[in-house]
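Structural features, examined
Each chain is listed here by its residues.
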Amino acid sequence: MEPVGDLRRGGSRLLCAKPLHPPDIPLRQVVAEECVAFLLNWRENEYLTLQAPNSLVQNNPYVKLGQLLAATCKELSGPDSRRAAKDLWEVVLQICSVSNQHKRNSEGRISLIKNRESTMGIMYRSELLSFTKKLREPLVLTTLLSLFVKLHNLREDIVNDITAEHISIWPTSIPNFQSVDFDAVAVTVKELVKYSLKINSNNHNWLIIQADIYFATNQFSAALNYYLQAGAVSSDFFTKQVPPDVYTDQVIKRMIKCCNQLCCHTQVAILCQFLREVDYKTAFKALQEQNGHDAMDSYYEYIWDVTILEYLTYLHHKRGEVDKRQIAIKAIGQPELNASNPEEVLQLAAQRRKKTFLQAMAKLYF
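Calculation rules
Residues numbered from 1 in each chain as written. Predicted model: local features only at pLDDT ≥ 70, side-chain atom pairs only at ≥ 80, totals over all residues. Heavy atoms only, no water. 1 Å grid on protein atoms, 1.4 Å probe; cavity = no way out; pocket = protein on both sides within 12 Å on 5 of 7 lines; lining within 4 Å. Points joined across faces, edges and corners; volume = space filled by probe spheres on them. Helix = DSSP H or I, 4+ residues; strand = E, 2+ residues; numbered from the N terminus. Nonpolar A, V, L, I, M, F, W, Y, C, P; charged D, E, K, R; others polar. Phe/Tyr/Trp six-rings, centres within 6.5 Å; stacked < 30°, edge-to-face > 60°. Buried < 20%, exposed > 50% of the residue type's maximum accessible area, 1.4 Å probe, protein only.

The protein is annotated in an unreviewed UniProt entry as INTS8 TPR repeats domain-containing protein of Staurois parvus.

Following this line, the structure appears as structure tokens:
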């Protein structure tokens, strides 16, 4: 086989002086797989979408998949993003479909057998997963993750959605839920995010996906670990403010539930302050709990909401806990929490307490 061509880096373009292969020699699948992975990893979307021979696109599954991925990545933020995404979605949906076969048993009755590896798609799901593990380009991996997360979230019995970037570009329904092997989709999401984090363990969006997977399966300590990792990598280990698109209200609420399930009730109350609107109901209920596994009064220095501190003084007075009440009163008396201070002073006080609390949490759960 002749070489692919003159592969020289010029800007971000791959200069292909010759066709991908001589027209009279069939392109071996293993060669196609490696070539397409190479082109995607080097962001050669233009070549895959505009210059790949049509015969290859129609007859080779890896070239077809590569072209659809390239087109989706190209249009990700553009007006045609949904159209490009729909084509890729339909191909992956077929790969993840269940093939039904009828078989007659020993008693002569006909039963329905579902094959895990669909023969309807352009390739098997195992081949798709193997191909994705040759990819290194973050945008391509993000696009695939986004697609599989969206497909996973369409499952009828799903309780907790997984979040991902660009989730809105994918179709919002599928024609036949029974035709999709959702168990296989769930496995693929787990495998793909695990692989992606091996490529880049500091991608906060991928860390959030991993955290959501653990949260959805009630692995609360592991979920909290990854939520904290996502915050840490996006804020230089909490020395800066965690971006609001990382610690959204949904993420904070899930962190709150994790702490609640782990019986760390003071941590719950502190995290309730992180929400755009402080959740006093949840905070007060958590502080009433007496079976906590965290050292309650040692966390008071991280509370900046005076209403919560005042509730603590009332609670300890009611219980006759004199020492703890004094710690709460001391926290209220900090000059920087004085309500007459300018708003920027109060904000600085809150940010300082957020930082030290999250750093303490990271040391605890990492």
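Having seen the structure, we can now continue with the description.
The space that makes up the largest pocket amounts to roughly 380 Å³. In this structure, the largest pocket is lined by 19 residues; those nearest its centre are Gln241, Val242, Phe274, Gln351 and Lys354. Of the residues forming the lining of the largest pocket, the biggest block, five residues, is contributed by helix H16 (residues 343-365). In terms of residue class, the lining of the largest pocket is made up of nine nonpolar, four polar and six charged. Taken as a whole, the second largest pocket encloses approximately 270 Å³ of empty space. Those elements giving two or more residues to the lining of the second largest pocket turn out to be helix H8 (182-199) and helix H9 (204-216). The biggest single contributor to the lining of the second largest pocket is H8, with three residues.

Enumeration according to the criterion identifies 15 aromatic pairs in this entry. Where Tyr299 meets Tyr302, the ring centres are 5.9 Å apart and the plane angle is 55°; that geometry is what we call tilted. Its relative accessible area of 11% is what places Tyr299 among the buried residues. Summarising the aromatic geometry, the rings of Tyr299 and Phe357 are spaced 6.2 Å apart at their centres and angled 70° between planes, so their arrangement reads as edge-to-face. Here Tyr299 is found in the loop between helix H13 (280-288) and helix H14 (306-319), whereas its partner Phe357 is found in helix H16, with 58 residues between them in sequence. In this pair, the class of Tyr299 matches that of Phe357, namely buried. Taken together, the ring pairs connect Phe274, Tyr299, Tyr302, Trp304 and Phe357 into an aromatic cluster.

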